[in-house]
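Each chain, letter by letter, is given below.
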Amino acid sequence: MEEVKKESFLKKFTRLNIAIEENISKDLSLFKKLLLMFDFIIEYKFYGVQILDYIQYDFYSKKKNERRKYIVHGKLLEIMKICNNPEIRYIFDQKPEFDKNFSDLLQRDWIDTKLSDINEFKKFIKNKEHFFAKQPDGMFGTGVKKIYTKDIENVENTFSSFQTNHILCEGTLTQCKEMAEFNTTSLNTLRVVTIVKTNGEVEIMGGLLRVGRKGRVADNFHHMGIASFIEPNTGIVTTLGIDKNKNRHIVHPDSGKQIIGFHIPYWEKVIKTVSEAALRFPEMRYIGWDVAITEDYNIALIEGNPGADPDAEQITTKEGRWLYYEKFLKEMTKK
């Protein structure tokens, strides 16, 4: 998750000033504000802390030893560098490649319009009420559109447009009743993070329950979804749900279904599925798997993220998770 382009210190400080006023206080004295900015410079320069890290993990109120426990931007880059082979990353960054290599674990049909013809597309949409059209390299839930087949006025023109833009089309996933009870307008999913250890075993590093809000299609934390931490050994949600605005929820604010204490259905099957997926490309040791539990309780992979940011895990638990990773990283870098 590298920054697209380097920004100047002036722009960075402008952003930091805005972040301080929006998230800490608008009434700080100039002296206190300068102290915070100087503190951030040290964190940025020596520890790879970005503005978002500094604000969302409340570094301005944490002692140095507590800060070092967090996986900030610099540490995430370190994890990715040690764990993942960049030559294989395209399998996870390009959605058609992912679907091709994990087709038996998707629980849905799909078609890569770039490599298909109009007859294959017509066969794909036949008897479908709706499907999803995805940009091949979309991230954070962007580049995804739900298409209702009744709204397609000209199949040939639609297919031509999809083919020109290399759109991946996927069938719509269902969800089990326990997950749907949180919110019916979104597909509510799980994020399960795995590391393939040096002995070839898969370690479950953590998990998130992600549920959407009423009327919204996305459950993504960055689209105002609600996230809460799943204890890896039990499959039980152990924290309150939290949204991007740091509102914490005991129950879902729309449906009233309790979040904390919820037991993920068929958690053992979830673990088995992501472990099997993780070993398919063991050179990609660090992956955050997005998973759905279908209405007939099959486990469906949605995607694998080789740059999975543990921000929601650390925010929900109020705990830095670097120490959980450090021992495995040290084993991988032993000469």
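Here the structure is shown first, and the text comes after it.
Criteria and thresholds
- For every chain, the first residue of its written sequence is number 1, and the numbers climb from 1 along that sequence.
- At least 70 in pLDDT is required for a residue's local features to be given in this predicted model, at least 80 for side-chain atom pairs to be given and counted, and no such filter applies to totals for whole chains, interfaces and linings, which use all residues.
- Only hydrogens and water are set aside when side-chain values are computed; all heavy atoms of the structure are taken into account.
- By definition, a salt bridge exists where a carboxyl oxygen of Asp or Glu is found within 4 Å of a side-chain nitrogen of Lys or Arg.
- Put simply, DSSP marks the helices as runs of H or I at least four residues long and the strands as runs of E at least two long, and each gets a number from the N terminus on.
- Under the rule applied, a polar contact is a pair of N or O atoms within 3.5 Å (in protein, one hydrogen donor and one hydrogen acceptor; residues adjacent in sequence only if both atoms are side-chain atoms).
- Working rule for contacts: check all heavy atoms of both residues, and any pair within 4.5 Å makes them a contact.
- Buried means the residue's accessible area, taken with a 1.4 Å probe over protein chains only, is under 20% of the maximum for its type, while exposed means over 50%, and partly exposed covers the values in between.
- The rule for pairing is simple: two strands pair if DSSP sees at least two bridges between them.
- By nonpolar core we mean a set of buried residues, namely Ala, Val, Leu, Ile, Met, Phe, Trp, Tyr and Cys, connected to one another through side-chain atoms within 4.5 Å.
- The directions considered for the arc are those from the helix axis to the C-beta atoms.
- A helix's residues, less one, multiplied by 1.5 Å, set its expected span.

Details of the pattern of salt bridges
So, point 1. Scanning the model with the defined rule gives 27 salt bridges in all.
So, point 2. In this structure, Arg210 and Asp290 form a salt bridge, with 3.0 Å as the shortest nitrogen-oxygen distance. With Arg210 in strand β6 (residues 202-211) and Asp290 in strand β11 (residues 286-293), this residue pair connects regions lying 80 residues apart in the sequence.
So, point 3. Between Asp254 and Arg213 there is a salt bridge, with the nearest N and O atoms lying 2.7 Å from each other.

A short note on the side chain of Ser186
So, point 1. Along the chain, the position of Ser186 falls in the loop between α10 (177-180) and β5 (189-196).
So, point 2. Polar side-chain contacts of Ser186 include one of 2.8 Å to the side chain of Asn183.
So, point 3. Here the side chain of Ser186 touches Asn188 through a polar contact of 2.7 Å, side chain to side chain.
So, point 4. Setting aside residues up to four positions removed in sequence, Ser186 forms contacts with Gln175, Gly212, Arg216, Val217, Ala218 and Asp219.

Structural notes on unusual backbone geometry
So, point 1. In the Ramachandran plot, Lys246 falls in the positive-phi region, its phi being about 70° despite a non-glycine side chain.
So, point 2. By the secondary structure assignment, Lys246 is in the loop between β9 (241-242) and β10 (248-249).
So, point 3. We note that Tyr297 has phi near 65°; this positive angle belongs to a residue other than glycine.
So, point 4. Assignment of secondary structure puts Tyr297 in the loop between β11 and β12 (299-305).
So, point 5. Overall, Tyr297 belongs to the buried group, its relative accessible area being 18%.

A closer look at the pairing of strand β7 (residues 226-231)
So, point 1. With 5 of 6 residues buried, β7 lies mostly within the body of the structure.
So, point 2. Relative to β7, β6 is paired through 5 bridges, and the arrangement is antiparallel. Residue pairing in the sheet places Leu208 in a bridge with Phe229 of β7.
So, point 3. As paired strands, β7 and strand β8 (residues 236-237) are joined by 2 bridges and run antiparallel to one another. Along β8, the bridge assignment pairs Ile230 with Val237.
So, point 4. Connecting β7 to the next strand, β8, in antiparallel fashion are 4 residues, including Gly235 with a positive phi near 75°.

Some remarks on the nonpolar core
So, point 1. If you look at the biggest cluster of nonpolar residues, it comprises 37 residues, and the most contacted ones within it are Phe92, Phe102, Leu190, Leu209, Ile264, Trp289 and Leu301.
So, point 2. Mapped onto this core, the elements with two or more residues apiece are α6 (90-93), β5, β6, β7, α11 (267-278), β11 and β12.
So, point 3. Tallying contributions element by element places α11 first for this core, with 6 residues.
So, point 4. Once you skip the residues sitting within four places of it in the chain, Leu301 turns out to touch Phe98, Phe102, Leu105, Leu106, Arg108, Thr273, Val274, Ala277, Trp289, Asp290 and Val291.
So, point 5. Membership of the second largest hydrophobic core comes to 21 residues, among which are Ala19, Tyr44, Phe59 and Ile315.

Structural notes on helix α9 (residues 155-164)
So, point 1. Along α9, the residues classified as buried are Thr158, Phe159 and Phe162. For α9, the angular spread of the buried residues around the axis is 95°, confining them to a single face. Seen from the open side of α9, the exposed residues pointing more than 90 degrees away from its buried face are Asn157 and Thr164.
So, point 2. Turning to α9, the residues buried within the fold contact α8 (118-125), β2 (130-134), β3 (144-148) and β4 (168-171).
So, point 3. Capping the start of α9, Asn154 holds a side-chain oxygen 3.1 Å from the backbone nitrogen of Glu156, two or three residues further along.
So, point 4. Phi turns positive, to about 55°, at His166, one or two residues after α9.

Comments concerning helix α1 (residues 9-23)
One full turn of an α-helix is made of 3.6 residues, so residues set three or four places apart face in the same direction.
So, point 1. With 15 residues, α1 ought to run about 21 Å at 1.5 Å a step, and its terminal C-alpha atoms sit 20 Å apart, in line with that.
So, point 2. Along α1, the residues that are buried comprise Lys12, Leu16, Ala19 and Ile20. Seen from one end, α1 has its buried residues packed into an arc of 100°, which puts them on one side. Projecting away from the buried face of α1 at angles above 90 degrees are the exposed residues Leu10, Lys11 and Glu22.
So, point 3. Packing partners of the buried residues in α1 comprise α2 (30-47) and α3 (51-56).

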